[in-house]
Amino acid sequence: MCWAEAKDIDADLNKVEKSEQMGRYYGYSNLVLTNGLEFRFYKNGTPYGEPVVLAKREGNAIHANEETFERFIRQFVDVLADPI
């Protein structure tokens, strides 16, 4: 099982990671934190892999970062496949 915490697109995930709310979530075995553009993965409260930026926002436009798609899929599957 995997838990996810989705924040607003403008959320600073560095600040969110340090929040009291996230402190509680780090108790989950598998966790994904995202603002829809960047994805951070955790296993048992420890960061797993590097954050993956799937897209960047420039004004009202969102531009995909296709070179990160494969790494995102690999890390996401690893987190999902991890038994509880």
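Use the structure listed above.
Here's a quick rundown of the structure. Keep in mind the model is a prediction, meaning the values are calculated, not measured.

## Section: the pairing of strand β5 (residues 55–58)
- Strand direction decides the pairing type here: β5 and strand β6 (residues 61–64), joined by 4 bridges, are antiparallel. Within β6, the position partnered with Lys56 by the bridge is His63.
- Hairpin connection from β5 to β6: 2 residues lie between these consecutive antiparallel strands, with Gly59 at a positive phi of about 65°.

## Side note on the sheet that holds strand β2 (residues 30–34)
- Ordered in space as β1-β2-β3-β4, the 4 strands form an open sheet in which the pairing is mixed. Lying at the two open borders of the sheet, with one neighbouring strand each, are β1 (3–6) and β4 (46–53). Between one strand axis and the next, the sheet turns through 15° on average, direction left out of account.
- Bridging between β2 and strand β3 (residues 38–43) involves 5 bridges; their strand directions are antiparallel. Of the residues in β3, the one forming a bridge with Asn30 is Lys43.

So, how was this worked out
Residues numbered from 1 in each chain as written. Predicted model: local features only at pLDDT ≥ 70, side-chain atom pairs only at ≥ 80, totals over all residues. Heavy atoms only, no water. Pairing = 2+ DSSP bridges. Helix = DSSP H or I, 4+ residues; strand = E, 2+ residues; numbered from the N terminus. Axes fitted to C-alpha atoms, helices over the stretch in contact; angles between N-to-C directions.

These results come straight from atomic positions and should not be treated as a statement about function.
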